[in-house]
Amino acid sequence: KLEKDPALATAEAATNLMHNLEQIRLAQANAELKRFQLLRRLDSIKTRRNFELGESALSSLNGIRAYFHHCSDMIDGVTPKLTRLQDKQAQSREKHDAQQAPWEIKQRSLTNAISEVGAKAASIGVIANAVSQGQLDDMDEDFISSQPTSLEEIESIVRFWELPQQLNIHSLYQRKLTPGVIVEGWLYKKSTNRLALNSWTRRWFILDRTGVYYLKGSGQNEGKGGNNSKNNVSKDWMERVKVCDILLCTVREINCKIKGNPNVRFCFEIISPNSKSYMLQACGPNDYKMWVAGIRACIEQQLTHGKIPPDNMLMGAGKPTKKFGKNDNVQTESIFFEKDDDDDDTDGGKSGGGSSNRGLFDDYLDDSNSSRTSGIRNPVVSQILRANPVCADCGNRDPDWASLNLGIILCIECSGVHRSLGVHVSKVRSLRLDTMREFEYNLLLSMGNDKVNKIWEAGLHHQKGWTKPSGGASRKAKEEWIKSKYLWKGFLEYRSEDGREHVDRVAKFSSDLFEAARRCDLSAIAEALAKGGSVEWKNKEEGGKTALHICVVNRPAEDSDVDSWKGVECAELLIQNGAKLDADDFDHHKVLDCAVLGNAKREMIEYLSSKAGV
């Protein structure tokens, strides 16, 4: 091994030591730098603390100042409105205070009248008590023998039925007459349901020139379980139920003496051939006379001046039952502060539950009166009658009866035959007397005799010996024709591909019905129904939907005429022929559910909602 040169070893040791010392110096310099930076940071924090806290406080104060300045601007803007509101409130309070004075005067007058009644009641009570205890010393024999024995005499002496008029004179609390109404008021209606808990129910009845109605509200589904009924109505509206047409009804007075039942006092019965009879009881003799005379006067006016029902008797389209909501503008009880000089004109029957518009009869006879010229008219009915000038089954002119599910217009004699077939074959309505909704009128207008006869009489040429009866034919001939046409379906035309067995035809035309409903083809739907298509048939390939399910989701094409879309009419035709709104598809969707989920037209959804009572 070679030994290192001593000089080289000394130089190496010296350089290594110098390197180590330089490294130590560098570390000391870096440490000094870190110490300097730490001191600088501490000094910066110390000095920044003074101005940063001040800046934060100043920023907060500036924000508070801006907020209150904004509030001040808002107050300046609201101040005029507040001033106007305060003025209105002051005026309202002054008006309220001014209205209290007549109320107080009338209340004192009413209280005095009641005090007089109370004094008479107390006087009679003293006499009755003395008679019952045998204290007859102060009474002469004529007084005892002259006492009345019948209820009517006692009521006349006591003036029992004059109390409403007497109180009206002092209070003038009267109900405003509804325009177009002859008589209206409370009557008791006898229930025809023997299981009903209350045999008599109190209803608000209305008499106008066309018929008699009563209002039925929430929980009044008679004979259907009240509030437990499936179709129970909402609490915030009243339904106007038609009792009868004034032209077809008669009123019969009930004599309680002949009946031997004092509970039928002031009772009368409304009898109509096209509806059930109604036994009604008035609240007293005044109301009784007012109602009986009013109904008879309306009947007389219609028979004398009405002849056949004119167009102004036609019911308004889309108003089968009028619903009075709590937000509706309906005339209700009001206070009239009039001079007491005219008290003799006050109608005592009004407070007793009824009111009579006695001037309406005179107005009815005046052709220039606005109530006649602006009466209830239905232009759709006039269009239907013009489009169908002759009866669909016999050719009689000017028919005014209709079959809703068939879509045809009939004369009165043929309508009687149709009615005898049953509602499962033909649903008969009068265009002039019965109330129908807008979509029912539109269905009749869209169908008509010509279109329907092309379906039901297409195969007539194959039937030897059959000819369509004329208007002068006998009822028997018309009956045979109508039964052969609609009941036995003898004049329909079938093709070879339609099948020969009933089951095959039902399956084929049920499928055709489904496709026609998909297209909203009204004529094709009517033909499929006539030939045996079932509205209950479900298409398995379409998720178990019925024809009504697929019909309601149809929308008109973008390039088509919107007015030519007959979706609502097609749905109504299906429903008139037995289609159910509560039918479920395989996804448990009902018809209205499918319409909403399928983005159906707004008109369709509104129509289905009205049919479902939503």
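On a predicted model such as this, the values are computed, not experimentally measured, just so you know.

This part takes up the overall build of the protein. If you tally the helices and strands in the protein, you get 20 helices and 14 strands. Relative to its full complement of 614 residues, the protein shows a buried share of 35%. About 38000 Å² of surface is accessible on the protein, with carbon and sulfur atoms providing 53% of the total.

Moving on, we get to the packing of aromatic side chains. Going through the model one piece at a time under the given rule, you end up with 13 aromatic pairs. With a centroid separation of 5.2 Å and 75° between ring planes, the pair formed by Tyr67 and Phe68 is classed as edge-to-face. Residue classification places Tyr67 among the exposed residues on the basis of a relative accessible area of 51%. Measuring from centroid to centroid gives 5.3 Å for Phe205 and Tyr214, while their planes differ by 40°, and the two rings are tilted. Assigned by exposure class, Phe205 and Tyr214 land together as buried.

With the rule as written, the count across this model stands at 26 salt bridges. Between Asp245 and Lys242 there is a salt bridge, and its shortest N-O distance comes to 2.4 Å. You can call Asp245 buried: its relative accessible area is 4%. Taking relative accessible area as the criterion, Lys242 reaches 22% and is therefore assigned partly exposed. With a shortest N-O distance of 2.8 Å, Lys485 and Glu457 are connected by a salt bridge. Here Lys485, found in helix H14 (residues 475–487), pairs with Glu457, found in the loop between helix H13 (449–456) and H14; they are 28 residues apart in sequence, far enough to count as distant. Since its relative accessible area comes to 0%, Lys485 is described here as buried. Connected via shared salt-bridge partners are Asp393, Glu457, Lys468 and Lys485.

Positionally, Asn388 belongs in the loop between helix H10 (379–387) and strand E12 (401–403). At 2.9 Å, the side chain of Asn388 forms a polar contact with the backbone oxygen of Ile384. From its side chain, Asn388 meets the backbone nitrogen of Asn449 in a polar contact 2.8 Å long. Not counting chain neighbours up to four residues away, the residues in contact with Asn388 comprise Pro399, Ile409, Gly448 and Asn449.

Take the environment of Val552 next. Tracing the chain through its elements places Val552 in helix H17 (residues 547–552). For Val552, a relative accessible area of 0% puts it in the buried group. Along the chain, Val552 and Cys570 lie 18 residues apart, while their C-alpha atoms are 8.7 Å from each other. Not counting the four nearest positions on each side in its chain, Val552 is found in contact with Val591, Ala595, Ala600, Met604 and Leu608.

A few words on the confidence of the model for the protein. A low pLDDT means the predicted coordinates there should not be read in detail. Averaged over every residue, the pLDDT of the protein is 79; the share at 70 or more is 77%. This model gives residues 356–376 a pLDDT under 50, and the stretch forms 38 contacts once residues within four places in sequence are excluded.

In this section: the packing of helix H12 (residues 438–446) against helix H18 (residues 567–576). In the contact formed by H12 and H18, the axes pass within 9 Å of each other and the chain directions differ by 100°. Classified by the angle between their axes, H12 and H18 sit roughly perpendicular to one another. Touching Phe439, Glu440, Asn442, Leu443 and Ser446 of H12 are Val568, Glu569, Glu572, Leu573 and Gln576, all from H18. Each residue belonging to the contact of H12 with H18 can be placed in one class, and the counts come to four nonpolar, three polar and three charged.

Taking 1.5 Å as the rise per residue, helix H15 (residues 502–519) with 18 residues should run 26 Å; its terminal C-alpha atoms sit 26 Å apart, in good agreement. Every buried residue of H15 is listed here: Phe509, Ser510, Leu513, Phe514, Ala516 and Ala517. Seen end-on, H15 carries its buried residues on one side only, within an arc spanning 165°. Among the residues trailing H15, Cys520 stands out with phi positive, at a value near 55°.

With that settled, consider unusual backbone geometry. Phi at Lys489 takes a positive value of approximately 55°, unusual for a residue other than glycine. Turning to its location among the elements, Lys489 is positioned in the loop between H14 and H15. Although it is not a glycine, Cys520 adopts a positive phi angle of roughly 55°. With respect to the helices and strands, Cys520 occurs in the loop between H15 and helix H16 (522–530).

Below, the discussion takes up the nonpolar core. By size, the foremost hydrophobic cluster in this structure holds 58 residues, and its most contacted members are Ile525, Leu574 and Met604. If one sorts the elements of this core by residue count, H16 sits on top with seven residues. If we ignore the near neighbours within four places in the chain, the residues touching Met604 are Cys551, Val552, Trp565, Gly567, Val568 and Ala571. Counting residues in each nonpolar core, the second largest holds 26 residues, with Val251, Ala282, Met290 and Ile299 among its members.

With antiparallel pairing, the three strands of this open sheet are ordered in space as E13-E12-E14. Of all strands in the sheet, those with a lone pairing partner are strand E13 (408–410) and strand E14 (428–430), marking the two edges. The sheet shows a mean angle of 35° between the axes of neighbouring strands, direction not considered. With three bridges joining them, E12 and E13 adopt antiparallel strand pairing. Its bridge partner being in E13, Ser403 is matched across the sheet by Ile408. Strands E12, E13 and E14 of the sheet are contacted by helix H11 (residues 412–421), whose axis makes an angle of about 115° with E13.

Here the focus is the pairing of strand E7 (residues 267–271). The side chains of a regular strand alternate between both faces of the sheet. Burial within E7 is extensive, with four of its five residues counted as buried. Bridge count between strand E6 (residues 250–253) and E7: four bridges; the pairing is antiparallel. Its bridge partner lying in E7, Val251 is registered against Ile270. Here E7 runs beside strand E8 (residues 278–281); their pairing, made up of four bridges, is antiparallel. Across the sheet, the residue bridging to Cys267 is Gln281, located in E8.

Here is what the cut-offs are and how they apply
Residues numbered from 1 in each chain as written. Predicted model: local features only at pLDDT ≥ 70, side-chain atom pairs only at ≥ 80, totals over all residues. Heavy atoms only, no water. Helix = DSSP H or I, 4+ residues; strand = E, 2+ residues; numbered from the N terminus. Buried < 20%, exposed > 50% of the residue type's maximum accessible area, 1.4 Å probe, protein only. Areas by Shrake-Rupley, 256 points an atom, 1.4 Å probe, with all protein chains shown as cover. Phe/Tyr/Trp six-rings, centres within 6.5 Å; stacked < 30°, edge-to-face > 60°. Salt bridge = Lys/Arg side-chain N within 4 Å of Asp/Glu carboxyl O. Polar contact = N/O pair within 3.5 Å; in protein donor to acceptor, adjacent residues only side chain to side chain. Contact = heavy atoms within 4.5 Å. pLDDT = per-residue confidence, 0-100. Axes fitted to C-alpha atoms, helices over the stretch in contact; angles between N-to-C directions. Parallel < 35°, antiparallel > 145°, perpendicular 65-115°, else oblique. Nonpolar A, V, L, I, M, F, W, Y, C, P; charged D, E, K, R; others polar. Expected span 1.5 Å × (residues − 1). Arc of directions from axis to C-beta. Core = buried A, V, L, I, M, F, W, Y, C linked by side-chain atoms within 4.5 Å. Pairing = 2+ DSSP bridges.

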